[in-house]
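Coordinate analysis (summary)
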Amino acid sequence: MAVDKKLLHEMIEQLSESDQQLAYEFLLHLMQKTKKDHKWWDEIEEVSEEEALLTEEEKRQLQGDEGYVTGGDAKREFGLQIDLP
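Residues numbered from 1 in each chain as written. Predicted model: local features only at pLDDT ≥ 70, side-chain atom pairs only at ≥ 80, totals over all residues. Heavy atoms only, no water.

Attention now moves to the overall build of the protein chain. Secondary structure assignment for the protein chain yields six helices and zero strands. Beginning at the N terminus, the succession of helices and strands in the protein chain can be written as α-α-α-α-α-α. Burial status across the protein chain gives 6% buried among its 85 residues. For the protein chain, the accessible area works out to roughly 8,300 Å², and carbon and sulfur atoms hold 56% of it. (Helix = DSSP H or I, 4+ residues; strand = E, 2+ residues; numbered from the N terminus. Buried < 20%, exposed > 50% of the residue type's maximum accessible area, 1.4 Å probe, protein only. Areas by Shrake-Rupley, 256 points an atom, 1.4 Å probe, with all protein chains shown as cover.)

A separate point is the pattern of salt bridges. It is possible for side chains bearing opposite charge to pair when their charged atoms get close. By the definition in use, this model includes three salt bridges. E56 is paired through a salt bridge with K59; the nearest N and O atoms lie 3.8 Å apart. Here the residue E56 and the residue K59 both occupy positions in helix α5 (residues 56-63), the gap between them amounting to three residues, near one helical turn. (Salt bridge = Lys/Arg side-chain N within 4 Å of Asp/Glu carboxyl O.)

In structure tokens, the structure reads:
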């Protein structure tokens, strides 16, 4: 299926500036992927965003038996003035 390049351009024009930057970066990755066989591209797709952002210490804490504190419990315990997730 051929894509109407004019329509694609119009769609990009409707994005906010920050989303245009994201679209640009995504298109760059697509172009690089078609030019070269990047094994790292497949590896990135296999790792969830949460896993990629966690440090080894955070992963250890998630697997531990120390328990979980909700945002509401932390707010009450520490007298915080903000809402936590």
